[in-house]
Every structure is written in structure tokens, then in C-alpha cells.
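Each chain, letter by letter, is given below.
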Amino acid sequence: MNSFARIARGVAVGTVMVGSIAAGALPATAVQALPATPAADREVTFTVDDTITYGTLHVPAHHRGQKMPAVLLLPGSGPTDRNGDQPPAFTPHTLAKLADALARDGIVSLRFDKYGTGRTGLGAYAERPETIDYPAFVRQADAAYRLLAGQPEVNRRAVRLIGHSEGALTALRVAVTAEPRTAGVGLLQPLARRFLDVLAQQLHDQLAAAVAAGQMSRSEQLTIGRAVDRAVADLRAHRPVDTSAMPPALADLFRALGGPSRRYVETIDAVDPASVAYQLSPGTPALLTCGTIDPQVPCRTTTSLAVALERAHTSGPGRIVLSGVAHDLTDPAHPDVLAQPTLDALRQFMRCGTR
């Protein structure tokens, strides 16, 4: 999001014994002999906090009885739906593209409409949206993880989490306590520092770019920059936010952050991604990506999180710099498909720690 307005918008049984045998435990000839099941999308639902959440389970073509690895896909900030879109204006299909890429490698995926998006909407929070907090989104993702692990086509020991942007923080939070234990956590262009620190950095970078383009004076940059820092301090001190020295679009953003969204903002800002990463189990496969042309998550902002993953003794592949890749994981010259460096990093991650 390359303007104040874009940033502002982003800030809302029975079990048959044969069927339960993992395909990997059967002789190759026996697996090949089983009838093939075509790829399919299944609409799934689950209930958490008195709200029905709607999602898409994509199951690749497979043989009957085969147990496949699986990934829970978690979207970025704001009203980003199960496909990674904020319709109608912003539709990069980031998560839908990730699901397709995973399916080509025989991996089941689940993505869902988080609170405030798609079919799920606000659910039980509709009458009191100001009460929703960040832990509610973590509980929702945790329930989705458990649902995915319980699907009949899924190998419970091979379920991973992949989060994009803000969703990476949620992936970390779920990974720490996941049951069954996660087989890996992927952090794609992640929220790598505290929420308000990232927001302030993005705004300061935009101010600097406006000065460089001759759209703003250095004096105006300093005035607005101080106003941003003051507003962040106000939010963290639970004070009314002073927006008097801000341009209208920026003032609207901070009024929203300090108004209906305040509980969410305060609770997500209280979480330091690096501190969560330290809690991962040693040996957990972890991927962290950053794109060289991503203005929202510059690679320099991911260093503390990369160090935390190393000190937690996670296994590879660790941080991978994606050359020529934007925040939506594409090469801007080919926006309809995931960039090749993204696909390469994804495959490298999915191979790490396989059993």
C-alpha cells in the first residue's frame, strides 16, 4: 500500500482401517493401483467464539487412502479475505495463488475468511466491533489449524503454517502452541516488528519518498513525522490521539486506530514477533522471506526476527531474500503469477524436515 489512504484502508465417526493407512506405508505398486481422486475445493466451516468461520479446503488429486502434507494459509492485515484480497479494489489473490502452488506439489491447503471479511463477517462481534482484539484472530486461526489436521486426507504429522504479512505473526503465535505440533512455519514478507513500529516506519518512508519526489518540503516532513511519532506514543500510553498536525488522510487513519480499532491495535502492538519466535520448539523448520522491492517490509526490518529464529534453534531454510519480488510475492512485470523466487523458497521450505 503506497499511500496514506491505502494504509488506512488496511487498518478490520467411524474410521475405515484401509482408508486410515498412510499412502507412504503401502508398496508403490499398491498405491498406484488405488483409484485416483480428482482435485477439489471443499467449503468448510468451523465455530469459534460463537461465530461460524467459512473457508476453502483445497485437496489435490490423490489416491484413495493417501495421507498428504498440509498447510494453513493466513492472510495479511485489514479486511483481507481467504484469497488474500480486499475486494473490490485490491485483488492480488495472494493466498489463492499460494494454494495453487502448493497443490501442484501435492499439498492440501486451508484458507478462510477471518473476522470482518467474506462470508464470515464480524459474526458475534457485529454488534460490538470495538471489542474485537488480536487474540480473537489467533483463536480463529488455531481452530482452523486443528480442523485442517483432522481432515481425512491429511497427515497430522505434516501440517504447517504459512502467514503472509500480518498473518505471519498469527502463524508464529499458533505454531508455538499448535496441537498437533506443527511441521514448520513460513513467514512471507512478515510483520517482523511490533505493529505500530512497522506502521510508523512505513509512514516515515512515505514521507521521505514524497520529499525526494518534490511533493513535500523537508520542513513538512519533519512536522508530520513528529506528529506520527506522537500519535504512536499516544496509542501506547492509552491517551487520546493528537492528529492536529497531520494531513486529512493520515489523521483519518489515526482516528480509526484510536477509535473503533483501538482494542485490536493495542493488543497486536503488545506482541513482539521476535519474542514469539524465541518460543518455537528447537528444530522447527522455519522460512522468512523479504522482497527486494517490497516497501512495506524492507529486508532491513526483518533482521531481529531472523536472528530470533536462529537463536530458537529452528532448522532451515531461515531468511531468504527474494530478488525483484514485491509485497504480494510477485514480480510486478508478471503480476498474475507468483514470482519464481517465491516458488523456489516455498519448495525449499516444504522439503525441510520432511519425514
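Calculation notes
Residues numbered from 1 in each chain as written. Predicted model: local features only at pLDDT ≥ 70, side-chain atom pairs only at ≥ 80, totals over all residues. Heavy atoms only, no water. Disulfide = S-S within 2.5 Å. Buried < 20%, exposed > 50% of the residue type's maximum accessible area, 1.4 Å probe, protein only. Helix = DSSP H or I, 4+ residues; strand = E, 2+ residues; numbered from the N terminus. Contact = heavy atoms within 4.5 Å. Core = buried A, V, L, I, M, F, W, Y, C linked by side-chain atoms within 4.5 Å. Pairing = 2+ DSSP bridges. Axes fitted to C-alpha atoms, helices over the stretch in contact; angles between N-to-C directions. Salt bridge = Lys/Arg side-chain N within 4 Å of Asp/Glu carboxyl O. 1 Å grid on protein atoms, 1.4 Å probe; cavity = no way out; pocket = protein on both sides within 12 Å on 5 of 7 lines; lining within 4 Å. Points joined across faces, edges and corners; volume = space filled by probe spheres on them. Arc of directions from axis to C-beta. pLDDT = per-residue confidence, 0-100. Phe/Tyr/Trp six-rings, centres within 6.5 Å; stacked < 30°, edge-to-face > 60°. Lys NZ or Arg CZ within 6 Å of the ring centre and 35° of its normal.

## Brief notes about the state of the cysteines
Stage number 1. With the rule as written, the count across this model stands at 1 disulfide.
Stage number 2. Residue pairing for Cys-290: its cysteine sulfur links by disulfide to Cys-299, the two sulfurs lying 2.1 Å apart. On the S-S bond that ties Cys-290 to Cys-299, the torsion sits near 100 degrees, and the link is right-handed.
Stage number 3. Of the residues examined, Cys-290 reaches a relative accessible area of 0% and is grouped as buried.

## A few points about the environment of Ala-192
Stage number 1. By the element assignment, Ala-192 lies in the loop between strand 8 (185–188) and helix 6 (195–212).
Stage number 2. The buried category is assigned to Ala-192, whose relative accessible area is 2%.
Stage number 3. When residues no more than four places from it in sequence are discounted, the contact partners of Ala-192 are Pro-273, Thr-301, Thr-302, Ser-304 and Leu-305.

## Some remarks on the nonpolar core
Stage number 1. Ranked by internal contacts, the top residues of the largest apolar core, which has 75 residues, are Leu-72, Leu-148 and Phe-254.
Stage number 2. Among the elements that make up this core, the one with the highest residue count is helix 4 (residues 134–149) (10 residues).
Stage number 3. Contacts of Phe-254, omitting those with residues within four sequence positions, involve Leu-199, Leu-203, Val-228, Ala-231, Val-232, Leu-235, Val-241, Thr-243 and Met-246.
Stage number 4. Listed in part, the 22 residues of the second largest apolar core include Ala-101, Ile-107, Val-325 and Met-350.

## Topic: the sheet that holds strand 3 (residues 51–59)
Stage number 1. Ordered by their spatial adjacency, 8 strands build an open sheet running 2-3-6-5-7-8-9-10, and the pairing between neighbours is mixed. Unpaired on one side and paired on the other, strand 2 (40–48) and strand 10 (315–322) mark the two borders of the sheet. Shown here is a sheet whose adjacent strand axes are inclined to one another by a mean of 20 degrees, direction ignored.
Stage number 2. The pairing of strand 9 (residues 285–291) with strand 10 spans 7 bridges and is classified as parallel. Each residue of the ladder has a partner; that of Leu-287, found in strand 10, is Gly-318.
Stage number 3. Most of the contacts of helix 4 go to strand 2, to which it runs at about 130 degrees, and overall it touches strand 2, strand 3, strand 5 (68–74), strand 6 (108–112) and strand 7 (154–164).
Stage number 4. Those strands touched by helix 5 (residues 166–177) are strand 5, strand 7 and strand 8, and its axis lies near 145 degrees from that of strand 7.

## Description of the pattern of salt bridges
Stage number 1. As enumerated under the stated definition, the model contains 16 salt bridges in all.
Stage number 2. The salt bridge partner of Arg-139 is Asp-49, with a shortest N-O separation of 2.8 Å. Remark: Asp-49 occurs in the loop between strand 2 and strand 3 and Arg-139 occurs in helix 4; sequence separation between them is 90 residues.
Stage number 3. Given the relative accessible area of 28%, Asp-49 is considered partly exposed.
Stage number 4. When the shortest N-O distance is used, the salt bridge between Arg-236 and Asp-197 registers 3.0 Å. Within this pair, whereas Arg-236 is found in helix 7 (residues 218–236), its partner Asp-197 is found in helix 6, the two being separated by 39 residues in sequence.
Stage number 5. Look at the salt bridges and you will find they share partners, linking Glu-43, Arg-82, Asp-113 and Arg-119 into a network.

## Points about empty space enclosed by the protein
Stage number 1. Computed from the structure, the largest cavity encloses a volume of approximately 110 Å³.
Stage number 2. Along the wall of the largest cavity there are 13 residues; nearest its centre are Pro-75, Lys-114, Phe-137, Gly-167 and Thr-170.
Stage number 3. Secondary structure elements with two or more residues in the lining of the largest cavity: helix 4 and helix 5.
Stage number 4. It is helix 4 that provides the largest number of residues to the lining of the largest cavity, a total of 4 residues.

## What to know about the environment of Val-228
Stage number 1. Considering the arrangement of structural elements, one finds Val-228 in helix 7.
Stage number 2. Along the backbone, Val-228 and His-204 are 24 residues apart, and their C-alpha atoms lie at a distance of 8.3 Å.
Stage number 3. Leaving out residues up to four positions away in the same chain, Val-228 has contacts with Ala-200, Leu-203, His-204, Met-246, Leu-250 and Phe-254.

## Focus on helix 8 (residues 248–257)
Stage number 1. Turning to helix 8, its buried residues are Leu-250, Ala-251, Leu-253, Phe-254 and Leu-257. All buried residues of helix 8 lie within an arc of 155 degrees about the axis, which places them on one face of the element.

## Quick notes on the confidence of the model for the chain
Stage number 1. With 90% of its residues at a pLDDT of 70 or more, the chain shows a mean pLDDT of 91.
Stage number 2. Segment residues 1–31 is flagged for pLDDT under 50; beyond a separation of four residues in sequence, or across chains, it makes 50 contacts in the model.

## Examining the packing of aromatic side chains
Stage number 1. Scanning the model with the defined rule gives 5 aromatic pairs in all.
Stage number 2. On the numbers, 5.2 Å between centres and 70 degrees between planes, the contact of Phe-137 with Tyr-264 is edge-to-face. With Phe-137 in helix 4 and Tyr-264 in helix 9 (residues 262–269), this pair connects stretches of sequence that are 127 residues apart.
Stage number 3. Judged by relative accessible area, which is 15%, Tyr-264 ranks as buried.
Stage number 4. The structure contains a cluster of three or more aromatic residues connected by ring pairs, namely Tyr-115, Tyr-125, Tyr-134, Phe-137 and Tyr-264.
Stage number 5. Positioned above the aromatic ring of Phe-349 is the side chain of Arg-160, whose terminal nitrogen or guanidinium carbon lies 4.9 Å from the ring centre.

## A short note on the environment of Val-185
Stage number 1. Here Val-185 lies in strand 8.
Stage number 2. With a relative accessible area of 0%, Val-185 lands in the buried category.
Stage number 3. As a C-alpha pair, Val-185 and Leu-172 span 13 residues in sequence and 6.9 Å in three-dimensional space.
Stage number 4. Each residue touching Val-185, except ones within four places of it in the same chain, is listed here: Leu-161, Ala-171, Leu-172, Ala-175, Leu-280, Thr-284, Pro-285, Ala-286, Leu-287 and Phe-349.

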